[in-house]
Amino acid sequence: MDPLNHPDSPPGPAGEPSASGTADSGTSPEPRTPPGRKAPGALPGGAETDPAGEPAREPGTGDAHSADVSRADAGPPATTVGRLAATVERLRREVRAAQAEADGRALVELAKGILVERLGCGPAQAARQLTELAEQARVTPLAFAVEVINQAARDRLSDVTGAFLAVANGTDAPEGEASGAEATSAVQLREAESGALAASDAQAVADSLLQHALAPLGAVAVAVWAARSDGSLTLAGSAGFTPAESGRWRYVPPGVVTVARNCLTERAGQWIGSLSRTGLPSIGQHHHPDGGRAALPAGTGGRVNGVLEIVWPGPQPQQTPQIVRQVEALAELCAHTLESYALTHGADAGHEPRVLPDATELVALADGLHDPALVLVPHLDRGQLVDFRIHHVNSQFLDPAGRPRGLVSGALLLEAYPMAAGESELFNRVERVYATGEPFRAERINLTALVDEVQLAAVADISVSRHGNSVLLIWRIEDETARLASLLQHAQRMGRIGGFEENLLTGEITWNGQLFSLYGRSTSSPPVPLEELPLHAHPDDAVAIGRFLRTVLHHRRPASAAFRLQRPDEVTRHIRVVAEPVLDADGGLFVVRGAYQDISAQHWTEVALAATRDQLAHTEQQATERNRLTLQLQHAIMPPTQAPLHAPGLAVAVRYRPAETEQLVGGDWYDAVVLPSGLVLVCVGDVAGHGIEAATSMVVLRNALRGLAVTGAGPGQLLSWLNIVAHHLTGAVTATAVCGLYDPGPRTLRWARAGHLPPVLVRGPEAVALPLLKGMLLGAVPEARYEEDEVQLAEDDTLLMYTDGLIERRDRSVEESLAHLLDTARTAPAKLDQKLDRLLTYSRSDTDDDTCIVGIRVS
């Protein structure tokens with residue numbers, strides 16, 4: 001029902017309104033109250049109203065008789081403290097009732113004013129009309145007054161009231177009809193609005209919003225944050241928090257990420273189901289750690305003055321669009337109070353002046369700048385910020401498109417520069433600065449202007465700041481000359497190059513800043529003329545500098561020189577100077593220009609490289625000489641070829657192949673000698689490692705074995721003694737060896753091995769490896785025993801002893817390599833020398849190790 005166009009609403013007879021805002025005549029019977037709901041006149045906090053909208057008088061708030069009855073019902077207080085507590089509680093109820101009465105009277109008076117304006121009647125007639133319409137609608141005058149206000153306002157609050165009522169009460173309200181509880185909730189929303197607009201500070205706004213509008217939604221606390229231009233937040237008002245908690249959160253510095261700070265940064269509502277899941281700190285987090293949160297930006301006209309933060313005791317599901325719109329409308333109610341709060345508290349907090357400058361003062365500021373500046377004011381459409389109008393451009397203004405100031409001043413920002421909404425995001429930056437008050441500065445921003453559908457680009461440094469209700473936009477367009485000059489300056493700095501120019505006629509000398517730095521002089525000191533250059537150089541460089549000056553000043557040709565500069569701070573730098581003469585029309589010299597470059601780092605690098613090259617050459621020479629001596633020692637003891645050893649009934653041949661790399665001189669050794677007893681000693685060994693150490697160790701073991709063999713001991717005992725030598729007398733070297741003693745009479749060979757490959761016996765077309773006897777390599781332990789074996793040889797049998805350099809391969813096992821050696825030995829020629837040569841030729845070893853073969857044949 002439209003209360004402003006009711007068919008039965010003629011102005012009634014004049015009558016004075018009562019104290020409650022209704023006419024003297026007539027009252028309507030009270031509507032029936034459904035079970036479980038408050039009466040239609042119920043106010044928040046439990047106070048009730050009579051049918052005329054007045055709060056019902058509670059026991060204890062009337063005459064003395066009613067007070068006595070109340071005290072009789074409650075019983076006498078036990079102590080004086082109990083009587084005082086009862087008195088305080090009674091006074092609290094009276095204060096709440098008085099506040100509710102004042103809120104209701106304000107709404108009724110507002111509705112009467114609307115009727116006076118719409119119906120063209122007096123206040124008394126409007127009061128009577130309001131009472132009669134309320135009786136016909138069967139609601140209280142206060143609820144009907146709220147309906148009148150909603151019909152007349154058509155604001156955001158009235159648009160979302162119906163949906164909010166249905167959600168708050170858990171019912172779906174039929175369109176065009178409101179129940180008694182819904183009317184009560186509408187009264188509460190308008191009372192919240194009235195209390196917020198009439199509040200003197202943000203604290204009263206927080207109390208009103210929580211009491212009238214947010215408590216029906218289950219909220220238990222609310223915080224009103226005031227935003228400052230530096231990005232900080234101040235707790236302007238709060239309700240539902242303890243005083244200690246509010247005191248701890250009275251100020252949030254810039255950069256601290258909280259729920260309210262995220263809302264301010266994104267300029268959008270933050271709806272959080274559970275605070276603990278986000279990990280964000282916020283006020284009341286210890287009292288309601290898992291509670292839901294909502295943070296809404298409080299501002300109008302594109303400017304955000306603060307944040308409204310709401311707290312629920314427990315986790316919240318995703319809110320419906322109706323609730324979201326309702327809370328957004330409540331956030332707008334805080335904007336007016338927060339704007340006043342910034343004006344009255346900014347100077348006290350030391351962040352903003354008490355009186356903000358207006359556009360006129362900002363124009364004067366812009367005209368005093370040496371950079372192009374624009375003064376922008378917000379352009380609103382239906383209360384929403386849609387653009388900025390260019391209120392003023394200063395005299396230094398330089399349009400990227402080359403347009404005069406008159407064409408730009410007075411135009412809208414997006415009309416004059418439509419590309420500002422493009423990739424540069426200039427408009428978004430300005431909009432954000434106006435909303436939050438945080439200044440924005442950036443270098444080398446691409447600005448694009450659209451002139452006759454042609455895009456003209458420019459690079460500029462941007463500065464945007466908010467001053468009162470206006471925005472100051474400053475840009476410094478970088479032209480090609482300035483850009484190249486900046487590039488040259490950076491190149492000189494990185495290359496440590498300083499430029500100079502000296503006028504020989506006037507004596508004027510120009511240095512850039514980098515040259516003063518190279519000389520170690522302050523920029524206020526006079527530059528050094530070229531003729532005085534020898535005074536600042538090392539005396540040993542006088543000849544080079546003199547040649548340089550004669551070439552430039554007398555021969556008038558470009559020249560360069562390197563010298564050591566002695567600075568006032570006693571630091572010597574290596575400098576290279578390059579200069580060229582500039583001649584006039586008659587061929588006379590009048591200007592010399594050039595550059596100094598600090599080449600100290602390059603000089604010391606070259607010195608270090610030269611020293612390194614000399615050291616490497618010396619080391620290489622030493623290594624070559626060392627290898628040469630080692631190789632000579634090895635060849636002196638074991639020449640690659642040796643004359644055949646002739647013994648009764650036995651032929652012996654030896655082949656030795658050094659390593660392919662001279663630096664890998666190894667420790668392979670062999671020996672074949674006839675002992676005084678007539679026995680023939682045949683042995684092969686390999687010392688671990690390479691180089692002179694391996695060669696000298698090989699000499700020790702070879703000579704020791706030859707000397708020990710004279711004792712007549714068997715091969716096993718000889719290897720045991722040789723193990724002691726290797727372990728104790730040669731610096732704990734390790735080696736492998738195979739040792740054999742051949743007796744020409746019975747043609748038997750007794751042999752033993754110390755970790756070495758077994759000998760190979762070639763008999764006719766067959767070649768087999770002798771069995772692996774037990775024997776540890778030499779030098780591994782202090783004492784070791786070695787197993788012996790005896791082989792009966794026959795005529796034309798060939799026995800081969802060798803080192804691992806003959807068969808070892810990186811990609812094959814020892815067994816596979818040994819099998820290949822046996823195959824080669826079977827097909828080798830019958831002559832002993834040819835057999836050994838064939839074995840070396842067809843060896844598949846790839847370790848580049850030295851190789852030794854000893855062959856004996858029974859004849």
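Residues numbered from 1 in each chain as written. Predicted model: local features only at pLDDT ≥ 70, side-chain atom pairs only at ≥ 80, totals over all residues. Heavy atoms only, no water.

## With respect to the pattern of salt bridges
Applying the stated criterion to the full structure yields 19 salt bridges. The partner of Asp 569 in a salt bridge is Arg 567, and the shortest N-O contact between them spans 2.7 Å. Residue Asp 598 is joined to Arg 573 by a salt bridge in which the shortest nitrogen-to-oxygen separation is 2.9 Å. Here Asp 598, found in strand E16 (residues 589–598), pairs with Arg 573, found in strand E15 (residues 572–583); they are 25 residues apart in sequence, far enough to count as distant. Exposure remark for Asp 598: the relative accessible area of 9% places this residue in the buried category. Three or more residues are tied together by salt bridges with common partners; here these are Arg 496, Arg 573 and Asp 598. (Salt bridge = Lys/Arg side-chain N within 4 Å of Asp/Glu carboxyl O. Helix = DSSP H or I, 4+ residues; strand = E, 2+ residues; numbered from the N terminus. Buried < 20%, exposed > 50% of the residue type's maximum accessible area, 1.4 Å probe, protein only.)

## Side note on the nonpolar core
Among the nonpolar cores identified, the biggest contains 28 residues, and Trp 669, Leu 701 and Leu 719 are the most heavily contacted of them. Mapped onto this core, the elements with two or more residues apiece are strand E19 (667–674), strand E20 (680–687), helix H20 (692–709), helix H21 (715–729), strand E21 (735–743) and strand E22 (748–754). Sorting elements by how many residues they give to this core places H20 first, with 6 residues. In terms of nonpolar packing, the next biggest core, distinct from the first, is built from 27 residues, Val 205, Val 222, Leu 296 and Leu 333 among them. (Core = buried A, V, L, I, M, F, W, Y, C linked by side-chain atoms within 4.5 Å.)

## A look at the sheet that holds strand E3 (residues 251–252)
Across the sheet, 6 strands lie side by side as E3-E2-E1-E6-E5-E4; this open sheet has antiparallel pairing. Unpaired on one side and paired on the other, E3 and strand E4 (270–272) mark the two borders of the sheet. Both strand E2 (residues 233–239) and E3 contribute to a ladder of 2 bridges, which runs antiparallel. By the bridge assignment, Thr 234 is partnered in E3 with Tyr 251. Here helix H7 (residues 202–214) sits on the sheet and contacts strand E1 (221–227), E2 and strand E6 (303–311); the angle it forms with E2, its principal contact strand, is near 45 degrees. (Pairing = 2+ DSSP bridges. Contact = heavy atoms within 4.5 Å. Axes fitted to C-alpha atoms, helices over the stretch in contact; angles between N-to-C directions.)

## Points about the packing of aromatic side chains
Considering all chains together, one arrives at 8 aromatic pairs under this definition. Between Phe 500 and Tyr 596, the aromatic rings sit 5.3 Å apart at their centres with planes inclined by 50 degrees, giving tilted as the arrangement. Separated by 96 residues along the polypeptide, Phe 500 in strand E12 (residues 497–503) and Tyr 596 in strand E16 bring together distant segments of the chain. Residue classification places Tyr 596 among the buried positions, given a relative accessible area of 3%. With a centroid separation of 4.8 Å and an interplanar angle of 35 degrees, the aromatic rings of Trp 511 and Tyr 519 are classed as tilted. Summarising the burial analysis for this pair, Trp 511 and Tyr 519 share the class buried. A connected cluster of aromatic rings, assembled from ring pairs, spans Phe 500, Trp 511, Phe 516, Tyr 519 and Tyr 596. (Phe/Tyr/Trp six-rings, centres within 6.5 Å; stacked < 30°, edge-to-face > 60°.)

## Brief notes about the pairing of strand E27 (residues 851–858)
Along E27, 8 of the 8 residues are buried, which leaves the element largely enclosed by surrounding structure. Residue alternation in E27 divides its side chains into two sets, Thr 851, Ile 853, Gly 855 and Arg 857 and Cys 852, Val 854, Ile 856 and Val 858, and both sets are buried. Looking at chain direction, strand E18 (residues 650–657) and E27 are connected through 8 bridges and run antiparallel. Across the sheet, residue Ala 651 finds its bridge partner in E27, namely Arg 857.

## Concerning helix H15 (residues 426–436)
Within H15, burial applies to Leu 426, Phe 427, Val 430, Val 433, Tyr 434, Ala 435 and Thr 436. Count one or two residues on from H15 and you reach Gly 437, which has phi positive near 85 degrees.

## Details of the packing of helix H22 (residues 814–827) against helix H23 (residues 832–841)
Where H22 meets H23, the closest approach of the two axes is 10 Å, and the angle between their N-to-C directions is 145 degrees. Handedness of the crossing formed by H22 with H23: right-handed. Contacts from Leu 821, Thr 824, Ala 825 and Thr 827 of H22 reach H23 at Lys 835, Arg 838 and Leu 839. Looking at the contact of H22 with H23 residue by residue, the class counts come to 3 nonpolar, 2 polar and 2 charged. (Left-handed = near helix turned anticlockwise from the far one by under 90°. Nonpolar A, V, L, I, M, F, W, Y, C, P; charged D, E, K, R; others polar.)

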